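One letter stands for each residue in the lines below.
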Amino acid sequence: MKDKIKKVVIPIFLSVICGAISGKLVYSIYATKTENILTSNKIYLLESGSYDSYDNMRNNTMGINYVYYEDDNNYKAIIAIVKDYDNIDKIKKIYDKDINVSEYYLADQDLNNKLIELDSKLKIADDESEIKNIVIEMLDLYRDDNSIKLVKISWLF
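Residues numbered from 1 in each chain as written. Predicted model: local features only at pLDDT ≥ 70, side-chain atom pairs only at ≥ 80, totals over all residues. Heavy atoms only, no water.

*Asks:* Would you mind going over the side chain of Lys83 in detail, with residue names and values included?
*Replies:* Tracing the backbone shows Lys83 in the loop between β3 (74-82) and α3 (87-95). One buried charge, Lys83, has no salt-bridge partner; the nearest side chain with opposite charge is Asp119, at 7.1 Å. (Helix = DSSP H or I, 4+ residues; strand = E, 2+ residues; numbered from the N terminus. Buried < 20%, exposed > 50% of the residue type's maximum accessible area, 1.4 Å probe, protein only. Lys, Arg positive; Asp, Glu negative; His and termini not counted. Salt bridge = Lys/Arg side-chain N within 4 Å of Asp/Glu carboxyl O.)

*Asks:* Got a sec to walk through the confidence of the model for the chain? Specific residues and values, please.
*Replies:* Per-residue confidence for the chain gives a mean pLDDT of 79, with 84% of residues at or over 70. Per-element confidence in the chain ranges from a low mean pLDDT of 62 for strand β5 (residues 150-151) to a high of 85 for helix α4 (residues 109-124). (pLDDT = per-residue confidence, 0-100.)

*Asks:* Break down the environment of Glu103 for me, citing the residues and quoting the values.
*Replies:* Secondary-structure assignment places Glu103 in strand β4 (residues 100-106). By relative accessible area, which is 32% here, Glu103 ends up partly exposed. Separated by 58 residues in the primary sequence, Glu103 and Leu45 have C-alpha atoms spaced 6.5 Å apart. A distance of 3.0 Å separates a polar atom in the side chain of Glu103 from a polar atom in the side chain of Tyr105. (Polar contact = N/O pair within 3.5 Å; in protein donor to acceptor, adjacent residues only side chain to side chain.)

*Asks:* Quick rundown of the pattern of salt bridges? Include the residues and the values.
*Replies:* Inspection of the entire model under this criterion finds four salt bridges. A salt bridge links Glu103 to Lys42; the shortest N-O distance between them is 4.0 Å. With Glu103 in strand β4 and Lys42 in strand β1 (residues 42-51), this residue pair connects regions lying 61 residues apart in the sequence. Between Asp84 and Lys123 there is a salt bridge; the shortest N-O distance is 2.6 Å. One end of the pair, Asp84, is in the loop between β3 and α3; the other, Lys123, is in helix α4, with 39 residues separating them in the sequence. Owing to a relative accessible area of 41%, Lys123 belongs among the partly exposed residues under this scheme. Among the charged side chains, a network of salt bridges with common partners joins Asp84, Asp86 and Lys123.

*Asks:* Quick rundown of a nonpolar patch on the surface? Include the residues and the values.
*Replies:* On the surface, Met1, Ile5, Val8, Val9, Ile10, Ile12, Phe13, Leu14, Val16, Ile17 and Ile21 cluster together to form a nonpolar patch covering roughly 1,100 Å² of accessible area. The topology assignment puts Ile12 in helix α1 (residues 2-40). (Patch = residues over 30% accessible without salt bridge, like charges linked within 9 Å, V, L, I, M, F, W, Y side chains within 5 Å. Areas by Shrake-Rupley, 256 points an atom, 1.4 Å probe, with all protein chains shown as cover.)

*Asks:* Outline the pairing of β1, listing residues and values.
*Replies:* Along any regular strand the residues' side chains alternate between the sheet's two faces. Counting buried residues in β1 gives eight out of 10 residues, a clear majority hidden from the surface. In this sheet, β4 lies alongside β1 in antiparallel orientation, the contact comprising six bridges. If you follow Glu47 over to β4, its bridge partner there is Asn100. Bridge analysis of β1 against β3 gives six bridges, and the strand direction is antiparallel. Bridge pairing in β3 links Ser50 to Lys76. (Pairing = 2+ DSSP bridges.)

*Asks:* Describe in detail the packing of α3 against α4, supporting the description with residues and values.
*Replies:* Where α3 contacts α4, the axes come no closer than 10 Å and their chain directions differ by 65°. In this structure, α3 crosses over α4, and the sense of that crossing is left-handed. Taken together, the residues of α4 that come into contact with α3 (itself represented by Asn87, Lys90 and Ile91) are Asp119, Leu122, Lys123 and Ile124. When grouped by side-chain class, the residues that make up the contact of α3 with α4 number three nonpolar, one polar and three charged. (Axes fitted to C-alpha atoms, helices over the stretch in contact; angles between N-to-C directions. Left-handed = near helix turned anticlockwise from the far one by under 90°. Contact = heavy atoms within 4.5 Å. Nonpolar A, V, L, I, M, F, W, Y, C, P; charged D, E, K, R; others polar.)

*Asks:* So what about α3? Which residues, and what values?
*Replies:* Among all positions in α3, only Asn87, Ile88, Ile91, Ile94 and Tyr95 are buried. On an axial view of α3, the arc spanned by its buried residues comes to 125°, and they lie on one face. Where α3 ends, the next residue or the one after it, Asp96, has phi of about 50°, a positive value. (Arc of directions from axis to C-beta.)

See the structure below:
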């Protein structure tokens, strides 16, 4: 009787251990690849606010170079697009406005590379006009291509 139990229990025990090891390995590979992809494509949109009408947005953002999009019947004015979170404070000081920061993911790798290049210029820039010019270049990248798609990932708990 003991021999029969050993013959059944040992293979089941080994199968459970092999399954656990295989599952952990596959999960770690998947988690690492997913995290790397999402991190490399993360961008931050600095928004000057949400407005209920186009005219209201235009009146409240005069004198600021921006792009806008419509979301849930609201207009949102984007005053900057950055990849490096540290550059956000630098831009907030320049514009001296209440700025909302939203995290998005960008699939376009060419645009990502251009943003990385401009972000590195922004990181070392000290002059206010130079910073504004770099921000305008970033906005022009987005403004020039109507096919750019951004994704916002919302976690439900």
